[in-house]
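Letter by letter, the chains look like this.
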Amino acid sequence: MSASTTAPETAPVAVGPQHLGVLIEFADPDALTRAAEKVRDAGFTKWDCHTPFPVHGLDKAMGIKPTILPWIVFGAGATGTLGGLILQLYTNGIELPFSMLQSTTGLVSEVLSPFLPSGYPYVVSGKPVFSVPANIPIAFETTVLLSAFAAFFGMLALNGLPRFFHPVFASERFRRATNDRFFISIEAVDPKYDRKRTRELADSLGGTVDELEA
Amino acid sequence: MSTSMSTTAPPLPPGADGTICGVDQNTWDDPRARAPLITGGLGYPEITDTVCGVAEAPRPPRAWYIAFGVSATLTAILGCMIAYLFFTGVGVWGNTNPVFWAWDIVNFVWWVGIGHAGTLISAILFLFRQKWRTGINRAAEAMTIFAVICAGMFPGIHIGRVWMAYYLFPIPNQMDVWPQFRSPLMWDVFAVNTYLTVSALFWYMGLLPDLATMRDRATSRVKQIAYGIFALGWRGSNRGWHRYERAYLILAALSTPLVLSVHSVVSFDFATSQLPGWHTTIFPPYFVAGAIFSGFAMVVTLLVPVRALFGLKHLITMRHLENMNKIILVTGCMVGFAYGTEFFIAWYSGNPFEGFAFLARARAHYAWSYWTMIFCNVVAPQLFWFKSLRTSIPVMIVVAIFVNIGMWFERFVIIVTSLSADFLPAAWDYYSPTWVDMLTFLGSMGLFMTLFLLFCRYLPVVAIAEVKAVLPHHHHHPHPEGHGTPKPVSEVTT
């Protein structure tokens, strides 16, 4: 920084802190729910409520549609069942892939054989090598395992987590959203967002209003 | 019927009707009111302060240091014992012909069983809408994970040639031979590993909102970053909560059959063999009941000191302990009933080998272990029929420790007595453990306690968000004027 303190003529447009939205704070969940209905009716989409615990009735007040998560879990669970059965069928039930490859000669078997090991059918008391009842426990466990992964990671993905930066974190007040305060945030990126009118709406909700800036 | 209409009703018990309930005063049952789940009239910020205060305190209580020193030492001993085992071979244990499964598998079954209480509290009680579970589920789930870690260690180290441990998993060996998937031992590998994974996911998901609370309260940069990373940027968003609650419900619904499957599969390890004393169809339900029984005893053993040491008596209340003691009583009676049924079937089946195996348990060389088991598991919990006894801290500690001991002996009785006198009398032998067996078992307790103490020190011991959600004043309806018709709103994100 030189001593010439005269403002350069080609300075960029004075960038103040960027406006990211508004944050409205409420002391109790009931006030939040009432306010959420008003924001919902105003037609915003890029807005949210922030609460220390799930508040009963807020989904309805916000107009949240049921999540598709159960279908994701169902798909993963079905994959787990099939995968578990195929695993057992391949490894204990058949001898095909490798022996077929072995009978073919040349490059294909040379290259693929390490990746396609043969199954190994055990003969135990003359029982069939693959019989669904004996293969249910493992298929059940793989079903539960994949479903649980889908439930957890699906929830995170749908929620857009992990996400370490978010406009609401710009507010020092917001630290209490995980303790004892209830917030509504309306993001400036919302198509209906108008700085002045949204501020008026926010002021009418009966909470403490904060502008989010970064 | 209406003779006493004019007499004044007895006063409402403490905590009813908006009054504040003192510590341990919420064990009453009064048809006119619901006993509070949280005493001391704590509100949202007080709950946060109480729970976070444990991890935020600059120093843990002196007792924590002592306990940690002891458990860390035992964990070090465990490491030495495992190293000795690996370098020398399983001959350092007392396992020998005909008892090739002994303390290693006894410990495995005992630890897995202990884990079951955590999942029962977190999943099954959740599905049954038992709101009191919120006070204890976090610690119980942590206990589950640590117990399953201790359990999983034993099959891993007892295989003899540890470098072959990969063969527990579906990986072909050097001769392209795969594991045998119709064997209950393989089912066990899948069941226990799935159980550990799902329990850990469930636990971590429950922790997310509370880690965010810790992040937002953290004063040092290191803590902000550490808790911040693990909180994954959770911001209590209601769109987030919506999916979170659905995921929670799904995980609970998945964990419920899972936890029942785990100890059923463990029991198949025995039940599908042909050894008298093992080959019984009662095993799956009997093992599951025993697992929950021993697990609750461990939860009581851990939470009584935890609530006293860390000042959590308003959140983990006497009512929680009493409820757990009731479950111990119920499952103890189920286990006692199963012991009786086993004997009855051994006689009623007319199978002389089965009859012999059971008479030998009660009357032969290992009778001392059998009667220890009966006393600890069937007799001791009967004290809990009396309210004054099941709400007494010293009594419940003693009974819970008895149950822990008794359930260990149950597995010892099943495994060792059956094996030591199998089909061929010439092979019969009396099994005795070695000092390595004993120190390994003690060491596993050290590992368990070390993990649990670290959990108490650095993580929220009580599920903060869940406790807040069941506070009574949260439940009154927000709109006296009614919701009316919610207007349809186009929603992009689901």
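Located above this text is the structure these notes cover.
Quick caveat, the model's predicted, so the values are computed rather than measured.

In this section: the interface of chain A and chain B. Listed as interface residues are 79 residues of chain A and, on the opposing side, 68 residues of chain B. Each partner contributes to the roughly 6,900 Å² buried at the junction of chain A and chain B, and carbon and sulfur atoms together form 64% of this total. Applying the counting rule to chain A against chain B returns one salt bridge. Note that A:Asp48 and B:Arg239 form a salt bridge whose closest N and O atoms lie 3.9 Å from each other.

Turning next to the pattern of salt bridges. Applying the stated rule across the entire model yields 24 salt bridges over all chains. Residue A:Asp210 is joined to A:Arg173 by a salt bridge in which the shortest nitrogen-to-oxygen separation is 3.3 Å. Placement of the pair is A:Asp210 in strand β4 (residues 208–213) and A:Arg173 in the loop between α6 (132–158) and β3 (182–187), with a sequence separation of 37 residues. Since its relative accessible area comes to 23%, A:Asp210 is described here as partly exposed. Given a relative accessible area of 32%, A:Arg173 falls into the partly exposed group. Two residues, B:Asp29 and B:Arg319, come together in a salt bridge whose shortest N-O distance is 3.0 Å. Residue B:Asp29 is found in the segment before α1 (44–56), and its partner B:Arg319 is found in helix α9 (residues 318–348); the two are separated by 290 residues along the sequence. By relative accessible area, B:Asp29 is classed as exposed at 56%. For B:Arg319, a relative accessible area of 16% puts it in the buried group. Among the charged side chains, a salt-bridge network with shared partners connects A:Arg195, A:Arg199, A:Asp203, A:Glu211 and A:Glu213.

Residues and elements named next belong to chain A. Spatially, four strands are ordered β2-β3-β1-β4 in an open sheet, and the strand pairing comes out antiparallel. Taken across any chain shown, the strands that pair with only one partner, and hence form the sheet edges, are β2 (47–50) and β4. Across the sheet, the mean angle separating the axes of adjacent strands is 20° when strand polarity is ignored. Bridging between strand β1 (residues 19–26) and β4 involves six bridges; their strand directions are antiparallel. Paired with Leu 23 across the bridge in β4 is Asp 210. Helix α7 (residues 195–204) contacts β1, β3 and β4 of the sheet and is inclined by roughly 150° relative to β4.

Compared with an ideal rise of 1.5 Å per residue, which puts 13 residues at 18 Å, α1(B) spans 18 Å between its outermost C-alpha atoms and is within 8% of the ideal. Among the residues of α1(B), B:Tyr44, B:Ile47, B:Thr48, B:Val51, B:Cys52, B:Val54 and B:Ala55 are the ones counted as buried.

Take the packing of α9(B) against helix α11 (residues 367–379) of chain B next. Residues and elements named next belong to chain B. One way to put it is that α9 packs onto α11 with a least axis distance of 9 Å and a crossing angle of 145°. For the pair α9 and α11, the contacting residues are Gly 332, Gly 336, Tyr 339 and Phe 343 in the first and Tyr 370, Met 373, Ile 374, Asn 377 and Val 378 in the second. In terms of residue class, the contact of α9 with α11 is made up of six nonpolar, three polar and no charged.

This part takes up the environment of B:Phe190. Mapped onto the secondary structure, B:Phe190 falls in helix α5 (residues 184–217). As for B:Phe190 and B:Gly355, which are separated by 165 residues in sequence, their C-alpha atoms are 34 Å apart. Every residue in contact with B:Phe190, bar those within four places of it in the chain, is listed here: A:Leu87, A:Ile138, A:Glu141, A:Thr142, B:Pro170 and B:Phe181.

Working definition: an aromatic ring pair is given by the centre-to-centre distance plus the angle between the planes. All names here are of chain B. In total, this model carries 57 aromatic pairs over all chains according to the counting rule given. Between Phe 344 and Tyr 348, the aromatic rings sit 5.1 Å apart at their centres with planes inclined by 15°, giving stacked as the arrangement. Here Tyr 348 and Phe 344 lie together in helix α9, a separation of four residues that amounts to about one turn. Assessed through its relative accessible area of 41%, Phe 344 is described here as partly exposed. Overall, the relative accessible area of 58% leaves Tyr 348 in the exposed class. Look at Trp 368 and Phe 409: their rings are 5.8 Å apart centre to centre, the planes differ by 80°, and that puts the pair in the edge-to-face class. Here Trp 368, found in helix α11, pairs with Phe 409, found in helix α13 (residues 393–420); they are 41 residues apart in sequence, far enough to count as distant. For Phe 409, a relative accessible area of 15% gives the class buried. These aromatic residues form a ring-pair network of at least three members: Trp 103, Trp 110, Trp 111, Tyr 366, Trp 368, Trp 408, Phe 409, Phe 412, Tyr 430, Tyr 431, Phe 441 and Phe 448. When the ring centre of Phe 126 is taken as origin, the NZ or CZ atom of Arg 129, which lies over that ring, is 5.5 Å away. Directly above the aromatic system of Phe 358 lies the positively charged group of Arg 361, at a separation of 4.5 Å from the ring centroid.

Conventions we followed
- Residues numbered from 1 in each chain as written.
- Chains lettered and ligands numbered in written order.
- Predicted model: local features only at pLDDT ≥ 70, side-chain atom pairs only at ≥ 80, totals over all residues.
- Heavy atoms only, no water.
- Contact = heavy atoms within 4.5 Å.
- Buried area = accessible area lost by both parts, 1.4 Å probe.
- Salt bridge = Lys/Arg side-chain N within 4 Å of Asp/Glu carboxyl O.
- Helix = DSSP H or I, 4+ residues; strand = E, 2+ residues; numbered from the N terminus.
- Buried < 20%, exposed > 50% of the residue type's maximum accessible area, 1.4 Å probe, protein only.
- Pairing = 2+ DSSP bridges.
- Axes fitted to C-alpha atoms, helices over the stretch in contact; angles between N-to-C directions.
- Expected span 1.5 Å × (residues − 1).
- Nonpolar A, V, L, I, M, F, W, Y, C, P; charged D, E, K, R; others polar.
- Phe/Tyr/Trp six-rings, centres within 6.5 Å; stacked < 30°, edge-to-face > 60°.
- Lys NZ or Arg CZ within 6 Å of the ring centre and 35° of its normal.

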